[in-house]
Amino acid sequence: MCTLIKTLKRISLLCFTIVLMTSTAIRSQEMDHSSMGNPTDETQDQDTMEKMNGNRDGDEMAVMKGKMIFSMSCVYCHGSRGEGDGAASMFLGPYSHPRPNNFTSGIFKFRSTESGELPLLSDLMRTIREGIPGYMPSFRNMGEEGLRAVALYIAKAFIQADLPTTTSIKYVKHVGPYIYSPQSVRRGEILYGIMKCNECHGADGKAGRTDLRDERKLMVHPIDLTRQETFGNGTSHEDIYRTIMTGLDGTPMPGYSDLFKGEEDSAWDLVHYILSLQGR
Amino acid sequence: MPKSPAWNVIGIKWLISFMPMLFLLSILPTNAEAIPAFARKYDLSCTSCHTKAPRLNAFGEAFHMAGYQIPQTEEGELREKRQIGRIVSEKTFLNIFALRATGNFVESISGGHPPETNLALPREIELYFAGTFTEDVSYFFNLSHEADTIEGIDNGRFEKTTAFGLGKEFFLMFDLSPSHRGATNMHEITMTGPMRMGPMIMVGKVDPSTNFSYPTNRQFILDQPGRIDTNNGTIQRFTLSPYAFSAKFFGLSTGEGNTIEVTKGVLYNTPGDFGIDVHAMLGRFMLQTGVMQGIDAGSADINEKKDPYVMTRVNFGSRNYFSGSASALAYWGNDTAKVGNDLVDWFRTGVSGNIKYKLLDLYGALIWDKISGLPAATASVFDETAFGMTLESDFILTDRYLLSLRYDRMDAGGFANQKADGEVLTLQLRKYFRDNYAVYLRDSVNIGRVSTNPLQNFRNLIALGVDLDF
C-alpha cells in the first residue's frame, strides 16, 4: 500500500513538473510568435495600419491594448490565432451552428458591406459592443476606446488585410415615407413570398428547415422570425434592414442588396412585415 | 421466470415514480435555451460558460475568476439601468436568482446489507443569489434544502438530517486589482505588464477548491447519501462521493467532537466552510492562499487555530479546441481534528489536472493526507496516512447526451480495526432535454472488496435522477 502511494505520488509530481515546464515553453513560444499580433510581414502590417486609420502611433498603442483585452476576454472562444478554435468554442455549438468566428477565413456574418466583402471597423466594433444573443456576451462596458482597440487588433493580427472604409450599399433611413404602416406591412408580406423567404423561415416565420448547413458543414437552424431574441444581428429596425441587405456570410442567408438596388426603400416593407410577425 | 411479490412491489414503485417524470418530459420543449441567472442576465446560453452545467469551460472559469463579471468589463449593479448588449436591463430578481434541484427518483443498491430500493424526490434544492454589488464587489449566497444528509454526532455515531438554511457557500468577493479594466487610459494599459486578474478576496463560507483544476462542487455524478441504523446511530454505508476530496480516516472527529464521515469532503476540498481566500492570476499562473476556520468549526471554534493553505495552478492551451490546467496544493489542518480526545494536525497535499479537447473533458485529483501529533497510546493502532484518487472523463456524445466515467480509489487511514479501502467505478449517461434540464442514469460498481464495512457495503448502485437548473 505504502509503495503504491509513494509511486503514485512520484508519478504525479513528475507529471506536474513536466506540465509546468511544457506550458512555460509553450507560453514563451506563443509570446515569440504573437508579440504584436501575428504579423508575417512587419512592413506590410504597418502600412495596413496606416491606411486603416491614419494615426499610426495611436493605433499601435490601441493594437497593444486590443491584444491584451483579446487575450483576457476573447481568446477562450476565438483562440489565440483567431481561428475560432478556442478552448470554450466547441461547447457553444457542439454539433450545430454557430461556432465562434474564424477571423482568418475572411468570412464575416455581421457586416454593413456587400456579401463577400470584409466588414468595416465599425461593424466589428458593433458586434463586440452588442454581442450575439445566446452566444457572445456584450462588451459594451469596455467603452468605445476598448472596443476600437480590440477591433483594430483583430484586423491587424488575424484578418491581415485592408478593411473597407465605406460600403457601397445604400442605406435608406427609417424616416419620412418609410415608417411603419399597415400598407407597408402588406407590401412586405408580398415581398416575403416573392423573395422566397418562406422557403427557409416558413410561411409563418417560425422556421422549420433542418437541412441547411453553414460553411463548416454544421447544421443551421433558420431563425424564428416571430422571436426577436433569436436575432443574432440585432433586433432594431436598422439591424433587420441591414441583415436583409447584406445577408449573413458563411450561412445560407443571402444578401438582397442587388435585388433592392435602386429601390432600397422597399426593403423597409419587408422589415415592417417581419416586425409585424413579432407583434411589434 | 416468475416474479417475486417483492419484485412486483418494486416494479410498481418504479412505474409510479416514472409517470410524473414521463409526463414532465412529454410537455417540456427540447430545444436549448438560456435559463439560469447568469444566462438570463447576459442573454447567453448555458454552454457559453459551461461544458454542461455545473462544469465550467475556459470562459466560465475566467468569468468566475473575474468575480462573476465578463472579463475586461465592469458592470456593478448599483446603476439604475445597465445595458448589456441590445438589452436595457432593469435590475430584476431573476437576473440574480437561480434554482437547482438534484437527486434521484429511484435508486437501487444491491450486494450490501441490507439491499435497498428507494423512491425519492430530488434530495437537494438550492437557491443561488449571485452577482455584483459594485464593479469590485461580488456576492454569492446559497440557500439549500438538503434531505437525507448524514451528519456526524458524538462517539462515532451519525444521524440523518433534513435541513433548510444557508447552504454550502455564501461569501463576498472583493476585486483588489488595480483599475485596468474598461475605458482606462491606453498608456496605462500597456504598462501593466503580464496579463493578470485579481487579487480577489473571498470572505465567508467558501469552497477553496473552486479554483483547483478539479473543483469539489462541480460534479456531474452526484453524491449518493449513505445509510445509517437510526436505532443506534451506527453507519451502515458511507456517502458515495469523490474519494480524493474525502476525509479518508476512520475514527476522526471534529474539534467539537462530532464524528467525521470518512467520505465527507473536508479541508481544502470542503464544499464550504468559513474562511478567507485570496487568489490572483499572473499570466498563466494562479496563486491562491487562505485560511480556514477548520472542519465544521462554526462559531464555536474551540481551538481558535486557523488552517492555512496554498495552491498554485498553471493554465495551458488556448487554441485547437484544447485547454488544460494543473494544480498543486498544500493544506495544514492546524489542530483541526481529534483522535479520541486529542487534537491532531492534519496535512493535505495534492495535485489535480484537467484537459479539455473538443468535447472531451478529462480531470482528476490525487490527494494525500497525513495525521501528525497522535497520542502515544493510539499511534501504534492508527494508520496516519491516507490516499484518495478520483479520475473522471466526460464526453458530449451528441447535443443531448453526456457520458461520464469516474474512478474513485481510497487507501484509507485511521484505526486499523475499522479501516477499509474502497474502489468504485461509476458510469453515467445524462440526457439533456434542455441545456438546463437533464435526467441521468448511473451505475456505480464497487470493484473492490464487498464487506459489511461502511465503505465497502455495496456491490452495485443504480440510480435514475434529475438535475434541473432554473
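Residues numbered from 1 in each chain as written. Chains lettered and ligands numbered in written order. Predicted model: local features only at pLDDT ≥ 70, side-chain atom pairs only at ≥ 80, totals over all residues. Heavy atoms only, no water.

Engineer: Please provide a residue-by-residue account of the overall build of chain B, values included.
Structural biologist: What chain B contains, in helices and strands, is 5 helices and 25 strands. The buried share of chain B, taken over its 470 residues, is 58%. Residue pairs in contact within chain B that sit at least 24 positions apart in sequence constitute 62% of those at least 6 positions apart. Of the roughly 18000 Å² of accessible surface on chain B, 63% is carried by carbon and sulfur atoms. (Helix = DSSP H or I, 4+ residues; strand = E, 2+ residues; numbered from the N terminus. Buried < 20%, exposed > 50% of the residue type's maximum accessible area, 1.4 Å probe, protein only. Contact = heavy atoms within 4.5 Å. Areas by Shrake-Rupley, 256 points an atom, 1.4 Å probe, with all protein chains shown as cover.)

Engineer: A description of the overall build of chain A should follow, citing residues and the corresponding values.
Structural biologist: The helix and strand inventory of chain A stands at 10 helices and 2 strands. Residues counted as buried form 52% of the 280 residues belonging to chain A. If you sum the accessible surface of chain A, you get close to 12800 Å²; carbon and sulfur atoms cover 56% of it.

Engineer: So what's going on with the pairing of strand β25 (residues 460-469) of chain B? Residues and values would help.
Structural biologist: Residue and element names in this part refer to chain B. Counting buried residues along β25, 8 of its 10 residues qualify, which places the element largely inside the surrounding structure. As paired elements, strand β3 (residues 97-110) and β25 share 10 bridges and run antiparallel to each other. Paired with S110 across the two strands is N460, which belongs to β25. In this structure, strand β24 (residues 437-446) lies alongside β25, joined through 9 bridges in antiparallel fashion. (Pairing = 2+ DSSP bridges.)

Engineer: Can you explain the sheet that holds strand β22 (residues 413-415) of chain B? Please cite residues and give values.
Structural biologist: Residue and element names in this part refer to chain B. Read across the sheet, 3 strands follow the order β11-β22-β19 without closing on themselves; strand pairing throughout is mixed. Each edge of the sheet is formed by a strand with only one pairing partner; in this case those strands are β11 (249-250) and β19 (382-383). With 2 bridges connecting them, β19 and β22 associate as antiparallel partners. Counted as the bridge partner of F382 is F415 from β22.

Engineer: Could you give an account of helix α7 (residues 182-194) of chain A, with specific residues and numbers?
Structural biologist: Residues and elements named next belong to chain A. Compared with the 18 Å implied by 1.5 Å per residue over 13 residues, the 19 Å span of α7 between its first and last C-alpha is a close match. Regarding α7, the residues found buried are S184, V185, G188, L191 and Y192. Angularly, the buried residues of α7 cover 115° about the axis, an arc narrow enough to put them on a single face. Turned more than 90 degrees from where α7 packs its buried face, I190 and I194 sit exposed. (Expected span 1.5 Å × (residues − 1). Arc of directions from axis to C-beta.)

Engineer: Kindly report on the side chain of N453 of chain B, identifying the contributing residues and their values.
Structural biologist: Residue and element names in this part refer to chain B. Residue position: N453 is located in the loop between β24 and β25. Accessibility expressed as a relative area gives 13% for N453, which makes it buried. Only 2.7 Å separates the side chain of N453 from the backbone oxygen of Q418, close enough to count as a polar contact. With residues up to four places along the chain from it excluded, the contact list for N453 reads F250, Q418, K419 and A420. (Polar contact = N/O pair within 3.5 Å; in protein donor to acceptor, adjacent residues only side chain to side chain.)

Engineer: Got a sec to walk through the packing of aromatic side chains? Specific residues and values, please.
Structural biologist: Residue and element names in this part refer to chain A. Per the counting criterion, the structure on display carries 32 aromatic pairs over all chains. Ring geometry for F70 versus Y153: centroids 5.5 Å apart, planes at 55°, classification tilted. Note that F70 is positioned in helix α3 (residues 56-78) and Y153 in helix α6 (residues 143-159), a separation of 83 residues in sequence. When sorted by exposure, F70 lands in the same class as Y153, which is buried. (Phe/Tyr/Trp six-rings, centres within 6.5 Å; stacked < 30°, edge-to-face > 60°.)

Engineer: Mind laying out the environment of G84 of chain A, listing which residues take part and the relevant values?
Structural biologist: Mapped onto the fold, G84 of chain A is located in the loop between α3 and α4 (89-92). The spatial distance from the C-alpha of G84 of chain A to the C-alpha of T104 of chain A is 9.0 Å, given a sequence separation of 20 residues. Leave out the neighbours within four places in its chain, and G84 of chain A touches C77, H78, S89, P100, N101, N102 and R216 of chain A together with Y321 of chain B.

Engineer: Hey, could you go over unusual backbone geometry for me, with residue numbers and the actual values?
Structural biologist: Here the residue pair A53 of chain B and P54 of chain B is connected by a cis peptide bond, since its omega of 10° sits within 30 degrees of zero. Note the cis peptide between G198 of chain B and P199 of chain B, where omega equals 10°. Here P199 of chain B shows up in strand β8 (residues 196-206). Phi angles above zero are rare outside glycine, and K217 of chain A is one such case at about 70°. With respect to the secondary-structure elements, K217 of chain A resides in the loop between β1 (212-213) and β2 (219-220).

Engineer: An account of the confidence of the model for chain A is requested, with residue identities and associated values reported.
Structural biologist: Caution applies to low-pLDDT parts of the model: their predicted coordinates are not meant to be read in detail. When pLDDT is averaged along chain A, the result is 81; 79% of the residues meet or exceed 70. Throughout residues 25-54 of chain A the model reports pLDDT below 50, and contacts reaching past four residues in sequence, or to other chains, amount to 42 contacts. (pLDDT = per-residue confidence, 0-100.)

Engineer: Please set out the pairing of strand β18 (residues 360-372) of chain B residue by residue, giving values where relevant.
Structural biologist: Residue and element names in this part refer to chain B. Note that strand β17 (residues 342-357) and β18 share 13 bridges and pair antiparallel. Looking at β18, one finds that D345 is bridged to S372. Counting the residues that bridge the hairpin from β17 to β18 gives 2 residues, and of these K358 lies at a positive phi of roughly 50°. Relative to strand β20 (residues 385-396), β18 runs antiparallel, the two being bridged by 11 bridges. When the sheet's bridge partners are listed, D369 is paired in β20 with A386.

Engineer: Tell me what's going on with empty space enclosed by the protein, and back it up with residues and numbers.
Structural biologist: Residue and element names in this part refer to chain A. Taken as a whole, this structure holds 9 cavities of 30 Å³ or more when the rule is applied. Empty space within the largest cavity amounts to approximately 630 Å³. As for the largest cavity, its lining consists of 33 residues, of which H78, P100, N101, I132 and M136 are closest to the centre. When residues of the lining of the largest cavity are traced back to their parent elements, those giving at least two are α3 and α5 (121-130). Of the residues contributing to the lining of the largest cavity, the split by class is 18 nonpolar, 8 polar and 7 charged. Here the lining of the largest cavity gathers at least three residues from each of two domains, domain 1 (35-159) and domain 2 (176-277). (1 Å grid on protein atoms, 1.4 Å probe; cavity = no way out; pocket = protein on both sides within 12 Å on 5 of 7 lines; lining within 4 Å. Points joined across faces, edges and corners; volume = space filled by probe spheres on them. Nonpolar A, V, L, I, M, F, W, Y, C, P; charged D, E, K, R; others polar. Domains from an automatic or database assignment.)

Engineer: Give a detailed account of the nonpolar core, specifying residues and quantitative values.
Structural biologist: If you look at the biggest cluster of nonpolar residues, it comprises 100 residues, and the most contacted ones within it are I154 of chain A together with L252 and W346 of chain B. It is α6 of chain A that provides the largest number of residues to this core, a total of 11 residues. The residues contacting I154 of chain A, other than those within four sequence positions of it, are F70, F103, L124, I128 and I159 of chain A. Of all hydrophobic cores here, the second largest spans 22 residues; its members include L225, M245, Y256 and L275 of chain A. (Core = buried A, V, L, I, M, F, W, Y, C linked by side-chain atoms within 4.5 Å.)

Engineer: I'd love a proper account of the pattern of salt bridges, names of residues and values included.
Structural biologist: All names here are of chain A. For the structure on display, the rule yields 34 salt bridges over all chains. As a salt-bridge pair, R148 and D59 come within 2.9 Å of each other at their nearest N and O atoms. Placement of R148 in helix α6 and of D59 in helix α3 is noted, with a sequence separation of 89 residues between them. Taking relative accessible area as the criterion, D59 reaches 2% and is therefore assigned buried. (Salt bridge = Lys/Arg side-chain N within 4 Å of Asp/Glu carboxyl O.)

Engineer: Give a description of the packing of α5 of chain A against α6 of chain A that names residues and reports values.
Structural biologist: Residues and elements named next belong to chain A. Packing of α5 against α6 brings their axes to within 9 Å, and their N-to-C directions diverge by 120°. Accordingly, the angle class assigned to the pair α5 and α6 is oblique. For the pair α5 and α6, the sense of crossing is right-handed. Contacts from L121, L124, M125, I128 and R129 of α5 reach α6 at E144, L147, R148, V150, A151, L152, I154 and I159. Residue composition of the contact of α5 with α6, by class: 10 nonpolar, no polar and 3 charged. (Axes fitted to C-alpha atoms, helices over the stretch in contact; angles between N-to-C directions. Parallel < 35°, antiparallel > 145°, perpendicular 65-115°, else oblique. Left-handed = near helix turned anticlockwise from the far one by under 90°.)

Engineer: Outline the confidence of the model for chain B, listing residues and values.
Structural biologist: Residue and element names in this part refer to chain B. In the predicted model, chain B carries a mean pLDDT of 84, and 83% of its residues have values of at least 70. Contacts for the low-pLDDT stretch residues 26-35, under 50 throughout, to residues beyond four places or in other chains number 24 contacts. Long-range and interchain partners of residues 78-82, a stretch whose pLDDT sits below 50, account for 20 contacts in this model, where long-range means more than four residues apart.

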